[in-house]
Structure formats: C-alpha cells, structure tokens
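Summary of the model geometry
What follows is the residue order along each chain.
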Amino acid sequence: MAVPTTPAASAPPSSDALLGLFPPGTTTAPDGGLRIGGCHAAELAARHGTPALLIDEGALRDRAGRYADGLAARRPDSMVAFASKAFPCTAVYRLLAEEGLGVDVASGGELALALAAGTDPAKLIVHGNAKSESYLRAAVEAGAGLVVIDNFDDIDRLEHLMAETRGPGRREQPVLVRVTPDVRPDTHEAVSTGQRGSKFGLLVPQAREAIARLRGSARLRLDGLHVHIGSQILDTEPFVRAVAAVAELGRFPMYDLGGGLGARYTYDDRPPTVEAYLDALTGAADELLPAGSRVIIEPGRSMVAEAGVSLYRVVTVKRSGGETFVAVDGGMGDNLEVSLYGQRFEATVANRVPAAADGPLGERCRVVGRHCESGDVLSTGVLLQDPRPGDLIAVPATGAYTYSLANNYNAARRPPVVFCRDGRSRPVVRRETYADLMRRDLP
C-alpha cells in the first residue's frame, strides 16, 4: 500500500485557524489544553483512554437544525434524511431522530440500528445496489417509508415480497427510481456515483423503462425520483446539473436530491456553507421541478464530520531522513480515509495548543499509526508544537466514515465513541476488548 501523497497544507496564520477546524465552540483551557464540548482533552483521555472518537453533541445537534430548519424555510414540504453510512452508530441515529430527521440506510445492519434507536419507520429511505431478499423483507415488514429502486431486480424482488408480505396496514410499497444523471463532480473516483459507468442507479433510458413498469404495478407505488452524484463535493454547480437531469424525466410528487456536500478537513478547504448548498438545491428545484413537489435531501459527511475529533496518545517521536515521525496509538484501524482516499487531516498537540501570539504552530511532522503497514499514515506535513512521547494528539473533522470504516487490523481493538457536551462526557460505544475479538471464534 502506497503512502498517501496528498500535499501538505500551507501554514495557518494563527491558532485561530487551527481551532476553526474543530467543532464550533472548541476552546483552549488556561493550561493550553484543548476543550471539546467543554471537556478538557487530558481529562477525556484519563477517563476514556486513547484512541477515542469524541463527538461534540451540541455541535451535531446544531448542524442537524441548520439542515432541517434551513430546508423547511426554503421548501416547506421537505425532509432531511441522514445518510447513515457516514456514522452508523445507535446513539447518532437516536440524536438525529430527536432532531426530527429521517434516515437513509444502505444495509440490513443500518436498518436494524436505525430501528433500535427509535427512528420513525416512515422516515426510512432504503438504499443499496445489491439489496438481498432478506434486507428488503425486513424493510417492508418494518414499514419503511421509501425503497429506492436501483435496478430491475429490485422491482422483481419487491413485487414478489409485496405479494406475500404486508407491512403495517400497507397494500403497496412506496418507491423512488434512482437516476444516474451522467454528472461527474470533482471528487475522488471512489466516492463519485453519478457518472456513466457507476454501479449505482439507472441511466436515463433505463430509468424511463423502470418508471413505465412501476406505473403499471399493483404492489409498488412510484412516488418519484432519486439522484445522488457522490461525496466530498466542494462546488454547488454539479448538484444543479443533477437536478436538471432528473427534471427531464417528467413530473412527480417527490424528488430525493441526495447528499454529497463536502466537509472542511484542512486549512485550504472551502466547502460551500449549508445555507449556500440549500440555496443552490432549492433554487434549482424551484426553477425546474413541479411546484409543490416534495424535496428530500440526504446529507451524511457534511452532517457529522465537523462534530468529530479523534484523540490519540503519542508513543514515539523519531527524527530520521530529514523527517519527524510522530507515532500514535491508533492509525488506519480507526481512520482508513487516508489510506483509501488520500484524504488529508490536520492535527494539534491537544495538551499544549499554541496560543495565537506564539507565531508558527510548530514543526512539520508525519503523524503515523501503530499498524504494521507503511501506508498507515494519518497526516503528512502537519504542524505540531514540540511533540513528545505521552502527548495527546487531536485530529479534527473525523466524525464521518472513521467509525464506519474502523477495523481490527493487527487485531487492534476498535475505539470508543464519547459524546461531549457542556463539560460532561459519556461513552455511547465502549472500547472493544480482547474477548470481543474472540467472541465469534468457534472451538
């Protein structure tokens, strides 16, 4: 596995820029320690251990409110559904359900977690390019609000299931047709989903065929269309083109415009604000879609990324070959985004955050993990202030996909998830134990 080659970011002007990457409201204590959700990093490490994934609960609730209230103000008949693959954690599902959001699920596991967390089944949107019969059956029996048709086999399986299975008082299953609009945004190839050749959805000629077939179905009710073009998109223009593409397929009562808005990971990233994104989407909907049609959006990464912070302990510091290697007690087992997508993250010494008047934020370092892999790199060229063994390292913007992609490489135990708010912390996912690693083994 190659070491990621993402270029280092330019030096920020002050620690204010550094704190701007962390959840809103993040501060430093008088002793220079980082405070997340009012909780001191050193106290969090002492109580919960490292590595740990910290979630600023207030920041996440605020983000959900900006999405839900912002969309409702622009398009009254609307719904925000969390694209839960970004963070399929029961506590996150529960929090967002409390904020009134729906949930987009892409597997039987995500469906089970969402239901266990108390998500309203009517607000469930069921996705997947390879939906098994058992997954669809569970969705139908739960009374899932919408199933997104990704292929003709979905139609066959749902027709069969609806002939023998009835959800709560339901005679037909509402569905959307996922359209592949042939729009390729400027993002990593692995998370681009709207272009010709994508494994997701139906190109326009096939979508027309699926629409015609569904309109003749006695068991499936076609409510509208779905479109999604990818993730970590830092420009609103591709979203507008996707709306234009589905508008050509006719008039429907509902349009799910997907998600994909990018998050700010580095000093140089400048994603559109939630408000600018909503302006672009609803502006296109007002111009191109039927008046009064319902609009759904599915933010994932942009909902949860900013609320998350990964906390590590420095194990070794090694200066070799003109580089400073700072090795921590986590790595690609809890953050696979760097190795998979070359995503860049910034970082700071959490127990000694430089003050604004201190000038440069430290020396350029390569933060590496503990796994037996040369590609186990968390960040290159990151500025750290005099890193030493025993220091704490905080990596911002890790709320999206780190938990989803966490793994047991080198039999590492996956870290806990800790919610922080108003100076109090509570674990919502415990750290794995060695017994957990062996629990599925058979004699």
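In case you missed it, the structure is sitting above this.
What this report covers is the structure whose coordinates are included nearby. Computed from a prediction, not measured in an experiment: that's the story for all the values here. (Residues numbered from 1 in each chain as written. Predicted model: local features only at pLDDT ≥ 70, side-chain atom pairs only at ≥ 80, totals over all residues. Heavy atoms only, no water.)

Focus: the overall build of the protein
Per the secondary structure count, the protein includes 14 helices and 21 strands. Over its C-alpha trace the protein gives a radius of gyration of 23 Å, about what one expects of a compact globule, namely 22 Å for 443 residues. Taken over the C-alpha atoms alone, the protein extends approximately 70 × 60 × 40 Å along its principal axes. Looking at the protein residue by residue over its 443 residues, the buried ones come to 58%. A sequence separation of at least 24 residues applies to 73% of the contacts in the protein between residues at least 6 apart. (Helix = DSSP H or I, 4+ residues; strand = E, 2+ residues; numbered from the N terminus. Rg over C-alpha atoms; globule rule 2.2 N^0.38 Å. Buried < 20%, exposed > 50% of the residue type's maximum accessible area, 1.4 Å probe, protein only. Contact = heavy atoms within 4.5 Å.)

Concerning the environment of Ile149
By the element assignment, Ile149 lies in strand β8 (residues 146–149). The class of Ile149 is buried, set by a relative accessible area of 0%. In this structure the C-alpha to C-alpha distance between Ile149 and Arg294, which are 145 residues apart in sequence, comes to 18 Å. Contact partners of Ile149, with chain neighbours within four places excluded, come to Asp154, Ile155, Leu158, Val175, Leu176, Val177, Arg178 and Leu214.

Structural notes on the packing of helix α5 (residues 108–116) against helix α6 (residues 133–142)
Direction vectors running N to C along α5 and α6 enclose 25 degrees, while the axes themselves pass 9 Å from each other. Regarding the angle of α5 to α6, the classification is roughly parallel. For the crossing formed where α5 meets α6, the hand is left-handed. Where α5 abuts α6, its residues Gly108, Leu111 and Leu115 lie against Tyr135, Ala138, Ala139 and Ala142. In terms of residue class, the contact of α5 with α6 is made up of 6 nonpolar, 1 polar and no charged. (Axes fitted to C-alpha atoms, helices over the stretch in contact; angles between N-to-C directions. Parallel < 35°, antiparallel > 145°, perpendicular 65-115°, else oblique. Left-handed = near helix turned anticlockwise from the far one by under 90°. Nonpolar A, V, L, I, M, F, W, Y, C, P; charged D, E, K, R; others polar.)

Details of the layout of surface pockets
Of the pockets and cavities examined, the second largest pocket occupies roughly 330 Å³. If you trace the second largest pocket, you find 17 residues lining it, with Tyr403, Arg414, Pro415, Val429 and Arg430 closest to the centre. Among the elements of the structure, β4 (52–56), β14 (308–320) and α13 (402–405) are those that each provide at least two residues to the lining of the second largest pocket. When grouped by side-chain class, the residues that make up the lining of the second largest pocket number 10 nonpolar, 2 polar and 5 charged. (1 Å grid on protein atoms, 1.4 Å probe; cavity = no way out; pocket = protein on both sides within 12 Å on 5 of 7 lines; lining within 4 Å. Points joined across faces, edges and corners; volume = space filled by probe spheres on them.)

Considerations on helix α4 (residues 90–98)
Spacing of three or four residues puts side chains on the same side of an α-helix, whose turn is 3.6 residues. Ala91, Val92, Tyr93, Leu95 and Leu96 are the residues of α4 that are buried. Downstream of α4 by a residue or two, Gly100 has a phi angle that is positive, lying close to 90 degrees.

Describing the packing of aromatic side chains
According to the stated counting rule, one finds 5 aromatic pairs in the structure shown. Both rings, one in Tyr265 and one in Phe345, keep their centres 5.2 Å apart while their planes meet at 80 degrees; by these two values the pair is edge-to-face. Residue Tyr265 is found in the loop between β12 (254–256) and α10 (274–288), and its partner Phe345 is found in the loop between α12 (337–341) and β16 (348–349); the two are separated by 80 residues along the sequence. Across this residue pair, the class does not change: Tyr265 and Phe345 are buried. In this structure, Lys318 is placed above the aromatic ring of Phe325, and the distance from its NZ or CZ to the ring centre is 5.9 Å. Over the ring of Tyr434 we find Arg413; its NZ or CZ atom is 4.5 Å from the centre of that ring. (Phe/Tyr/Trp six-rings, centres within 6.5 Å; stacked < 30°, edge-to-face > 60°. Lys NZ or Arg CZ within 6 Å of the ring centre and 35° of its normal.)

Focus: the pattern of salt bridges
In the structure shown here, the tally under the stated rule is 25 salt bridges. Of the charged contacts in the structure, one is a salt bridge between Arg137 and Glu164, with a shortest N-O distance of 2.9 Å. Here the residue Arg137 occupies a position in helix α6, and Glu164 occupies one in helix α7 (residues 152–164), the gap between them amounting to 27 residues. Arg137 gets classed as partly exposed once you look at its relative accessible area, which sits at 24%. Through salt bridges with shared partners, a single ionic network connects Glu57, Arg61, Glu98, Glu99, Arg421 and Arg426. (Salt bridge = Lys/Arg side-chain N within 4 Å of Asp/Glu carboxyl O.)

Thoughts on the packing of helix α3 (residues 57–74) against α4
Remark: α3 packs on α4, axes separated minimally by 10 Å, with the N-to-C direction vectors making an angle of 45 degrees. With respect to each other, α3 and α4 are oriented oblique. Taken as a pair, α3 and α4 cross one another with a handedness that is right-handed. Between α3 and α4, the contacting residues are Glu57, Leu60, Arg61 and Ala64 on the first element and Val92, Leu95, Leu96 and Glu98 on the second.

What to know about the sheet that holds strand β1 (residues 27–28)
The sheet built from 3 strands is open, its strands ordered β1-β2-β3 with antiparallel pairing. At either margin of the open sheet sits one strand with a lone partner, and together these are β1 and β3 (39–40). Here 2 bridges tie β1 to strand β2 (residues 34–36), and the two strands are oriented antiparallel to one another. When the bridges of β2 are listed, Thr27 appears paired with Arg35. (Pairing = 2+ DSSP bridges.)

With respect to the environment of Thr28
Tracing the backbone shows Thr28 in strand β1. Separated by 317 residues in sequence, Thr28 and Phe345 place their C-alpha atoms 20 Å apart. Those residues in contact with Thr28 that lie beyond four places of it in its chain are Leu19, Gly33 and Val353.

Points about the side chain of Asp329
By the secondary structure assignment, Asp329 is in the loop between β15 (323–328) and α12. Within the buried core, Asp329 has no salt-bridge partner, and the shortest N-O distance to an opposite charge, that of Arg313, equals 5.7 Å. Within the structure, the side chain of Asp329 is placed 2.6 Å from the side chain of Thr50, a separation counted as a polar contact. Once residues lying within four places of it in the same chain are set aside, the contact partners of Asp329 are Thr50, Pro51, Tyr312, Arg313, Val315 and Arg370. (Lys, Arg positive; Asp, Glu negative; His and termini not counted. Polar contact = N/O pair within 3.5 Å; in protein donor to acceptor, adjacent residues only side chain to side chain.)

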